[in-house]
Amino acid sequence: MKVVSLKFSDFRNLKDNIIFPGEGTNVIYGDNAQGKTNLLEAIWLFSGGHSFRGSKESELTKFGSKNSLIEMEFESQGRNQNASILFSGNKKQIHINDVKKTSSAYLSECFGCVVFSPEHLALVKNGPSLRRRFVDGAICQQNIKFAVLLSKYNRTLVQRNSLLKEIYKHPELKETLCIWDDSLILLGAKIIFKRLEYISKLNVIAKEYHNGISKGKEELFIDYVSSAGISLDDNEEKIIEKLKQSFEKCRKEDIKLSCTNCGPHRDDLEFFINSMKAKNFGSQGQQRSIVLSLKLAEAKMLWNYFSEPPVVLLDDVLSEIDRNRQEFLLLNSKGCQTFITGCEAPVIEDENIKIFTVNNGEVM
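Residues numbered from 1 in each chain as written. Predicted model: local features only at pLDDT ≥ 70, side-chain atom pairs only at ≥ 80, totals over all residues. Heavy atoms only, no water.

Participant: Explain the overall build of the chain to me, and be specific about the residues and the numbers.
Facilitator: In terms of regular secondary structure, the chain is built from 8 helices and 15 strands. Relative to its length of 364 residues, the chain is compact, with a C-alpha radius of gyration of 22 Å against a globular reference of 21 Å. Once the C-alpha set of the chain is aligned to its principal axes, its extents read approximately 65 × 55 × 35 Å. In the chain, which comprises 364 residues, the proportion classed as buried is 51%. The long-range fraction of contacts in the chain, counting pairs at least 24 apart against all pairs at least 6 apart in sequence, stands at 70%. The chain carries 49 positive and 47 negative side-chain charges, and their two centres are separated by 4 Å. (Helix = DSSP H or I, 4+ residues; strand = E, 2+ residues; numbered from the N terminus. Rg over C-alpha atoms; globule rule 2.2 N^0.38 Å. Buried < 20%, exposed > 50% of the residue type's maximum accessible area, 1.4 Å probe, protein only. Contact = heavy atoms within 4.5 Å. Lys, Arg positive; Asp, Glu negative; His and termini not counted. Charge placed at Lys NZ, Arg CZ, Asp CG, Glu CD.)

Participant: So what about the sheet that holds strand S3 (residues 25-29)? Which residues, and what values?
Facilitator: Ordered in space as S8-S12-S13-S3-S14-S15, the 6 strands form an open sheet in which the pairing is mixed. Edge positions in the sheet fall to strand S8 (113-116) and strand S15 (362-363), since each has one partner strand and no second. Alignment of S3 against strand S13 (residues 338-342), held across 5 bridges, turns out to be parallel. The residue of S13 that forms the bridge with Asn26 is Phe339. (Pairing = 2+ DSSP bridges.)

Participant: Quick one: what's the story with the packing of aromatic side chains, residue by residue and with numbers?
Facilitator: Considering all chains together, one arrives at 5 aromatic pairs under this definition. Ring geometry for Trp44 and Phe52: centres 6.4 Å apart, planes at 80 degrees, overall edge-to-face. Relative accessible area serves as the criterion here: at 11%, Trp44 is assigned to the buried category. Residue classification places Phe52 among the buried residues on the basis of a relative accessible area of 11%. An angle of 80 degrees between the planes, with centres 5.0 Å apart, marks the rings of Tyr305 and Phe306 as edge-to-face. Its guanidinium or amino end placed over the ring of Tyr106, Lys101 lies 5.5 Å from that ring's centre, counting from NZ or CZ. Taking NZ or CZ as reference, Lys300 lies 5.3 Å from the ring centre of Trp303, over its face. (Phe/Tyr/Trp six-rings, centres within 6.5 Å; stacked < 30°, edge-to-face > 60°. Lys NZ or Arg CZ within 6 Å of the ring centre and 35° of its normal.)

Participant: Any chance you could break down the nonpolar core for me, citing the residues and the numbers?
Facilitator: Core analysis: the biggest nonpolar cluster contains 60 residues, and Leu243, Phe271, Leu294 and Leu329 have the highest contact counts within it. In terms of residue count, the dominant contributor to this core is helix H4 (residues 177-213) (14 residues). Core analysis: the next-biggest nonpolar cluster, separate from the first, contains 40 residues, Met1, Phe8, Leu60 and Met72 among them. (Core = buried A, V, L, I, M, F, W, Y, C linked by side-chain atoms within 4.5 Å.)

Participant: Can you break down the packing of helix H3 (residues 144-169) against helix H5 (residues 236-257) residue by residue, with the values?
Facilitator: Close contact between H3 and H5 brings their axes to 9 Å; oriented N to C, the two are set at 55 degrees. One element, H3, and the other, H5, form an angle in the oblique class. In this structure, H3 contributes Arg160, Leu164 and Ile167 to the contact, and H5 contributes Phe247, Asp254 and Ile255. Here the contact of H3 with H5 is built from residues that sort into 4 nonpolar, no polar and 2 charged. (Axes fitted to C-alpha atoms, helices over the stretch in contact; angles between N-to-C directions. Parallel < 35°, antiparallel > 145°, perpendicular 65-115°, else oblique. Nonpolar A, V, L, I, M, F, W, Y, C, P; charged D, E, K, R; others polar.)

Participant: Outline the sheet that holds strand S7 (residues 99-101), supporting the account with residue identities and numerical values.
Facilitator: Read across the open sheet, the 6 strands follow the order S2-S1-S4-S5-S6-S7; overall the sheet is antiparallel. The outermost strands of the open sheet, each flanked by one partner alone, are strand S2 (17-19) and S7. The mean angle between the axes of side-by-side strands here comes to 15 degrees, regardless of whether they run parallel or antiparallel. Pairing of strand S5 (residues 79-88) with strand S6 (residues 91-96), which is carried by 6 bridges, proceeds in the antiparallel orientation. Along S6, the bridge assignment pairs Ser88 with Lys91. Each of strand S1 (2-9), S2 and strand S4 (67-76) touches helix H1 (residues 36-44); the most contacted strand, S1, lies at about 115 degrees to it.

Participant: Give a description of unusual backbone geometry that names residues and reports values.
Facilitator: Even without a glycine there, the phi angle at Asn274 is positive, about 50 degrees. Counting through the fold element by element, Asn274 comes out in the loop between strand S10 (268-273) and strand S11 (276-277). Here Asn274 falls in the partly exposed class, since its relative accessible area comes to 41%. Non-glycine residue Asn360 carries a positive phi angle of around 55 degrees. Looking at where Asn360 falls in the secondary structure, it is placed in the loop between strand S14 (353-359) and S15.

If you want it as structure tokens, here you go:
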């Protein structure tokens, strides 16, 4: 899987241009705030996800412009393909191989990409929302239906929470709560089951990478922390049963607080090194090794899914990790077309390198 060309018009601060990346390693230099990350963001959007920086789509268009357009030609599934995304405020139009699509999620069926940014280095120690986004985003790239499932769940959750707020004023509405409970439980069970499937596979591959980074001294394990007491070996039927019990148990508190206190939106991941909680006892270096293992495992699983290597985006992370971890990351990214941003030259021993510079939005 390779990006052949990337064209952008009125996208972020980038000056209108078309670039032709190399098939191997592409290094993107420039001072801070010049537009390096914007270039990676444009590539990432073709994986079907939202901005990895958490930006709203209305923020992707250059200030003062009404629309922005990004177009990409790429090699995937043994053939040349093309895609385009037109942003207009909070709306967007997607075309894949000149056919209009109703959702950007369809992009994930033909283009796979893994991004590693400085924010990910805080995956272990920061709040659970970042870890949920990590696992959900990874699953969405392999399963377009999972993105639809998440959307349905979130809409239903908003409706249930709205009802909870009304129950405080109108207690008679309490009888209708079970309708939303049943829907949330069924949707939530499917989400959790897919997460458990993914984490079980991730555990095997990430463990191998972490073993390599630590030179066999450390063993990594990823656990699923459920608000309903669900464990990694539970099947979907057991998950539904536990969610039902948890919803009944939390009902009084839900009404009191006007929010839903159990379900996949409250769940988390926990990382262990040699059976010790990494968040509490792991050093900064160990925590970063965990994240490195996770992202490499994510790329490997995507490689297995597509039967070809995904594109790898490394956004200013090499400066954040020591030389040994740099070399391990670059060595294990070989075979993938890679884009690396930074202010300084990374340590790379590779003849197949193409260099781009970015200055005030101009890519050269």
